[in-house]
Each structure stands twice: as structure tokens, then as C-alpha cells.
Amino acid sequence: MEHGGLTQIGDAVWAFVRPGGGWGEANTGLVVSPGAASLVVDTVWDVAWAKRISDVQRPLVADAPVTEAVNTHSDGDHWWGNDTLPPTARITTSAAALDAMHEDLPPAGLRALATAGELIGRMPGPVSAAVAYSARVRAGARFPRRTPRLPDRTFDTTLRLTVGDRTVDLERLGPCHTAGDVVVHAPDAGVVFTGDLLWVGSTPILWNGPLDNWFAALDRLIGWDAAVYVPGHGSTGTVDDLRALRDYWLWLRDVGHVHHERGTSVRQATREIVRSNEFGRWSSWHAPERLVLSLSTLFDQWNGNPPGAPTITRRARAFADAETLLREGLFRTP
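Everything numeric in this text was worked out from a predicted model, so none of it was measured. (Residues numbered from 1 in each chain as written. Predicted model: local features only at pLDDT ≥ 70, side-chain atom pairs only at ≥ 80, totals over all residues. Heavy atoms only, no water.)

**Re the overall build of the chain**
Next up, step 1: Secondary structure assignment for the chain yields 9 helices and 13 strands.
Next up, step 2: Compactness check: the chain gives a C-alpha radius of gyration of 19 Å against a globular reference of 20 Å for 334 residues, within 12% of the reference.
Next up, step 3: With the principal axes as the frame, the chain shows a C-alpha extent of 60 × 45 × 35 Å.
Next up, step 4: Counting across all 334 residues of the chain, residues that qualify as buried make up 57%.
Next up, step 5: For the chain, the share of sequence-separated contacts (at least 6 apart) that also reach a separation of at least 24 residues comes to 70%.
Next up, step 6: Total accessible area on the chain is roughly 13,400 Å²; 52% of this is exposed by carbon and sulfur atoms.
Next up, step 7: With 32 positive and 38 negative side-chain charges, the chain shows a spacing of 6 Å between the two charge centroids. (Helix = DSSP H or I, 4+ residues; strand = E, 2+ residues; numbered from the N terminus. Rg over C-alpha atoms; globule rule 2.2 N^0.38 Å. Buried < 20%, exposed > 50% of the residue type's maximum accessible area, 1.4 Å probe, protein only. Contact = heavy atoms within 4.5 Å. Areas by Shrake-Rupley, 256 points an atom, 1.4 Å probe, with all protein chains shown as cover. Lys, Arg positive; Asp, Glu negative; His and termini not counted. Charge placed at Lys NZ, Arg CZ, Asp CG, Glu CD.)

**Let's talk about helix H3 (residues 107-120)**
Next up, step 1: The end-to-end C-alpha distance of H3, which contains 14 residues, comes to 20 Å, matching closely the 20 Å that a straight helix rising 1.5 Å per residue would cover.
Next up, step 2: All of the buried residues along H3 are Pro107, Gly109, Leu110, Ala114 and Gly117. (Expected span 1.5 Å × (residues − 1).)

**Here's the deal with the sheet that holds strand E13 (residues 228-234)**
Next up, step 1: Taken in spatial order, the 5 strands make up an open sheet running E9-E10-E11-E12-E13, and their pairing is mixed. A single partner strand is all that each edge strand has here, and the edge strands are strand E9 (158-163) and E13. Along the sheet, successive strands turn relative to each other by an average axial angle of 30°, direction set aside.
Next up, step 2: Two elements, strand E12 (residues 191-200) and E13, share 6 bridges in a ladder whose sense is parallel. When the sheet's bridge partners are listed, Val192 is paired in E13 with Tyr229.
Next up, step 3: Strand contacts of helix H6 (residues 239-262): E12 and E13, with the helix running at about 30° to E12, the strand carrying the most contacts. (Pairing = 2+ DSSP bridges. Axes fitted to C-alpha atoms, helices over the stretch in contact; angles between N-to-C directions.)

**Some remarks on the side chain of Asn27**
Next up, step 1: Following the sequence through the fold, Asn27 ends up in the loop between strand E3 (13-16) and strand E4 (28-33).
Next up, step 2: Within the structure, Asn27 has its side chain in polar contact with the backbone oxygen of Gly234 (distance 2.8 Å). (Polar contact = N/O pair within 3.5 Å; in protein donor to acceptor, adjacent residues only side chain to side chain.)

**Comments concerning helix H9 (residues 312-327)**
Next up, step 1: With 16 residues, H9 extends 22 Å from end C-alpha to end C-alpha; this agrees with the ideal 22 Å at 1.5 Å per step.
Next up, step 2: Taken together, the buried positions of H9 are occupied by Arg314, Ala318, Phe319, Ala320, Asp321, Ala322, Glu323, Leu325 and Leu326.
Next up, step 3: Where H9 ends, the next residue or the one after it, Gly329, has phi of about 85°, a positive value.

**Points about the packing of helix H7 (residues 266-274) against helix H8 (residues 291-302)**
Next up, step 1: With their axes 10 Å apart at the nearest point, H7 and H8 run at an angle of 130° to one another. If you check the angle between H7 and H8, you find them oblique. Note that H7 runs across H8; the crossing there is right-handed. Contacts from Val266, Ala269, Thr270 and Ile273 in H7 reach Leu291, Val292, Leu295, Ser296 and Phe299 in H8. (Parallel < 35°, antiparallel > 145°, perpendicular 65-115°, else oblique. Left-handed = near helix turned anticlockwise from the far one by under 90°.)

**Some details on the pattern of salt bridges**
Next up, step 1: Within the structure shown, the criterion is met by 19 salt bridges.
Next up, step 2: The partner of Glu171 in a salt bridge is Arg220, with the nearest N and O atoms 3.0 Å apart. Of this pair, Glu171 sits in strand E10 (residues 166-172) while Arg220 sits in helix H5 (residues 211-224); the two residues are 49 residues apart in sequence, bridging distant segments of the chain.
Next up, step 3: Looking at Glu171, the relative accessible area reads 13%, which means it is buried.
Next up, step 4: One connected set of salt bridges, linked through shared partners, spans Lys51, Asp55 and Arg58. (Salt bridge = Lys/Arg side-chain N within 4 Å of Asp/Glu carboxyl O.)

**Let's talk about the side chain of His259**
Next up, step 1: Position of His259 among the secondary structure elements: in helix H6.
Next up, step 2: Non-local contacts of His259, meaning those with residues more than four positions away in its chain, are made with Thr264, Ala269, Glu272, Ile273 and Phe299.

**Considerations on the pairing of E4**
Next up, step 1: With respect to burial, E4 is a largely interior element, 6 of its 6 residues being buried.
Next up, step 2: The alternating pattern of E4 places Thr28, Leu30 and Val32 and Gly29, Val31 and Ser33 on opposite faces, both of which are buried.
Next up, step 3: Two strands pair when backbone bridges link them, and E4 and strand E5 (residues 37-41) are joined in this way by 5 bridges, in the antiparallel orientation. Bridge pairing links Val32 to Ser38 in E5.
Next up, step 4: Taking the residues between adjacent antiparallel strands as the criterion, E4 and E5 are bridged by 3 residues, where Gly35 takes a positive phi near 80°.

**Some thoughts on the environment of Leu298**
Next up, step 1: Along the polypeptide, Leu298 turns up in helix H8.
Next up, step 2: Judged by its relative accessible area of 3%, Leu298 is buried.
Next up, step 3: Sequence separation between Leu298 and Gly209 is 89 residues, and the spatial gap between their C-alpha atoms is 8.1 Å.
Next up, step 4: Beyond its immediate chain neighbours, meaning those up to four positions away, Leu298 contacts Leu206, Leu211, Leu252 and Arg253.

**Quick notes on the pairing of strand E6 (residues 66-70)**
Next up, step 1: With 4 of its 5 residues buried, E6 lies for the most part within the structure.
Next up, step 2: Judged from the 4 bridges that link them, E5 and E6 form a sheet pairing that is parallel. Of the residues in E6, the one forming a bridge with Leu39 is Glu68.
Next up, step 3: Taken together, E5, helix H1 (residues 47-57) and E6 constitute a β-α-β crossover, and its handedness is right-handed.
Next up, step 4: Sheet topology note: the E6/strand E7 (residues 90-94) ladder contains 3 bridges and is parallel. The residue bridging Glu68 from the neighbouring strand is Arg90, located in E7. (Right-handed = clockwise from strand over helix to strand, strands pointing away.)

Dropping the structure here:
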């Protein structure tokens, strides 16, 4: 059942899904205990979309006010819309995610980079390429003018929430995509909101790692055998989509390591990988150039650096590589 863009995916459980899975096109969720209370999973960074989602949810929570919210991780496209939540709703995330929220670039910073990309992005050089890719990341979204409301409560490993007469389980499975990735499990409905630990039809990004943690997280999610998995980006999925993502990471790890051992640069390794026959399986995923972002993280860790959020320099270099390869026509332009 669809309700103004919200699709019912379980007993009184809804998802607002943006199937393209592009930059900023994050999915959100709603778990309702009719006549009692509701829980929201994630908010989006575009203020117009965040308001739209809040508006279409309103009839569904008229007799079950939103008392709880969860931010699955620290990327802005999953929490910069927090100001659309009721002021009385408690927002929960992992302690590691909250630390990363404090450290990440705020909305004003990313807006400034994206604006610079629109102005000078066609000029030659790595700096202009990096800011041009920042403009792609914004993709026309209108960011909040100030840093939005941060979560009120954190946990370390697991936490059980009571929402009316329902229980919802939170589990931190990061660091993987980011430092503090959280999944939200509504077991009575057979639904899991995975945050960015699952992408469906959309190319994933390894920002933090280690990648072995992501394999463990996918195995954990597969073991739940839920009826519906709501990814951070892309259409709703199943266990088969979790396995497909696992295959992607296994392939990229193995082929990438070969190039790293040869001393190939990240950019050249990406060229050769994308031109290989094996890439065909993944080439239709949205924004395939994001492969170079993940490869930059893997190379950095294979160079002996500890897992962690990318430095400004590493992120800028990866953005410049992605933009350069797009301009070369290596990937389909988004």
C-alpha cells in the first residue's frame, strides 16, 4: 500500500524509498504502534524532501505520535533532516556515529564546496575536479542553513526500544561504511532497516572500513532472514541483495589487491578494473564511479594506515579521481 510516497512493507511499517539510490537519495522508515507511538528511521538532507516525508507521515501518526527516532549513521543524508522531527521525539544513534557527526563537514561546508564546484568545476586541475564532484554529490539538494539537531541518546552495541506495544532492536554493526553503522530490526514485522550497510542497484561506498567488518555485518543480516531489508539507497531488498553486495565486495577486494601489489595508482587501477569483463555484473548499478572512492579506502589501508574516516586530503583526491574518470567517459555519466 502506498501513501503519498510511503510504501507499506510490513504490519504498520512503512518506508519512503527513492529507488534511484543516487547521492542524497536516502531511504527512511516509519514503525507505528497504532493508537500509541511511532518511530522514525533516518531523515534526509534536502530540506524540501524532509518536509515532504514529514507531511505524508502525518496522517499515519495522528493517533500514534513520533516518540522515537534513529539515525543509522553519520552521513548527512541520513540525519540533516532531524529538525523535521517533533521536538519531543528522542533521537538515538551509536556513540561512534555521534562522534563522527561532530567531526564531519557541516551542511554549510558541503554547500560551499558544491557552490565552488558549480563556479569553477570545469577548470583544469585536481582541485576543480574535486569541487566539481562535490556539486554532483549535492545534486541540487537544498541543505539546512545550520547544523540540525543531533541525537539525544547513544548506545555502544545493542539497544531495545519500546514503541507502544512493539519492540524494535538496534544493533551497531560498524565500523564498516562509517564508524558507527546501526541497523534497526522490527522483528514482529520481519523488516530490517540497514542504513548504508546495504545498497540495492546502487554502488556502495567504503568510507571507514575495515572491509572484513562489512562482511561480518552482511552475514549477521543474512542470518536474520527477514522478509524485507530497506537499504540506505535503492529499492527494498531481500537476502539475495545482501549476498549480491557481499559478492561485489569480495570481487573488488580481490581484484583491487592485485593492482595494489603491482604498485598501480588508484585511478589507473580503476580504469583497468572497469574495462575488465568481470565489471559487467556491476556496471548497471547507479553511480558506478563510486568504485574509485572505495578503492581509495582499501589502498590506504593496504598501505598500512589504520581504518578510519577519510582525511580531507584523501577524500578530495578520491573525489578528483571520480570526476576525472567520469569526464574521460569511463563510466556512464549520472
